[in-house]
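Residue strings, one per chain:
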Amino acid sequence: MMKRKDFIKTCGCALVSAPVWLSLLQSCTSYYYASYSQNENKLIVPLSEFGSKNNKNRDFVLLDSTISSYPICIFKTGEDNYTASLMQCTHKGCELNIEGDMFSCPCHGSEFTKTGDVIEGPAIDPLKTFKTTIDNHNIYVHIS
Ligand code: FES
C-alpha cells in the first residue's frame, strides 16, 4: 500500500512533468509532406494531396521545396482557396510550427495566421507568401 507521502510525491512528479510531456508531444507532431512537381516558376500540387472521398481531408500540406531550406505550407482557406506561406519566422528566422490553423514560433513565441499575418510578436512583418492558383486537378504555387 502506498503511503500518503509517497502518493503526494508521485502526483507532484506527474504534475510537474505534464507540461514537459505536452511539449514533447507537440514537438513530435508529424506533418504531411505533399508530392509535387515543378514547371518553371510553379510548384504543382495535385488537389488529391488534400484528400479524396476515400481519404481523410487535410487542412494543410507542406512542400519540401528547393527554393528554400524552409518548408512551404499550403493551407486550405476555402472551398477553392489556398494560401502558401514560407515557414520562416520573420523575427529571427526560426522554422515555424503549425498549431491548429495558425503558425507559432518555438523560439520567441510569435504567432501568425494561416494567411501569414502577425497575431503576436515579437515578429512585426508577415510571412513570405506565394500566389496560388488552381484548376480542376492542381494547385499552382507561383514561386517568383
Ligand atoms: S525567431 Fe520567431 S519569434 Fe523570434
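As the structure is a computational prediction, the values presented were derived from the model and not from experiment.

Engineer: If you had to explain the nonpolar core to someone new, which residues and values would you point to?
Structural biologist: Counting 16 residues, the largest nonpolar core has Leu63, Ile72, Ile74, Phe130 and Val141 as the members making the most contacts within it. Listing elements by their share of this core, those giving two or more residues are β2 (42-46), β3 (60-63), β4 (72-78), β5 (81-86) and β11 (138-142). Counting residues per element, this core draws most heavily on β5, which supplies three residues.

Engineer: Residue-level account of the sheet that holds strand β6 (residues 97-99), with values.
Structural biologist: Spatially, β6-β7-β8-β9 is the arrangement adopted by the four strands of the open sheet, whose pairing is antiparallel. Single-partner strands in this sheet number two, and they are β6 and β9 (118-120). Between one strand axis and the next, the sheet turns by 35 degrees as a mean value, whatever way the strands run.

Engineer: Give me the environment of His91: which residues, what numbers.
Structural biologist: Checked against the element boundaries, His91 lands in the loop between β5 and β6. On a C-alpha basis, the gap between His91 and Asp125 in space is 7.7 Å, while along the polypeptide they are 34 residues apart. Among residues more than four places away in sequence, those in contact with His91 are His108, Ser110, Pro122 and Ala123. In this structure the side chain of His91 is engaged in a polar contact, spanning 3.2 Å, whose partner is the side chain of His108.

Rules behind the numbers
Residues numbered from 1 in each chain as written. Predicted model: local features only at pLDDT ≥ 70, side-chain atom pairs only at ≥ 80, totals over all residues. Heavy atoms only, no water. Core = buried A, V, L, I, M, F, W, Y, C linked by side-chain atoms within 4.5 Å. Buried < 20%, exposed > 50% of the residue type's maximum accessible area, 1.4 Å probe, protein only. Helix = DSSP H or I, 4+ residues; strand = E, 2+ residues; numbered from the N terminus. Pairing = 2+ DSSP bridges. Axes fitted to C-alpha atoms, helices over the stretch in contact; angles between N-to-C directions. Contact = heavy atoms within 4.5 Å. Polar contact = N/O pair within 3.5 Å; in protein donor to acceptor, adjacent residues only side chain to side chain.

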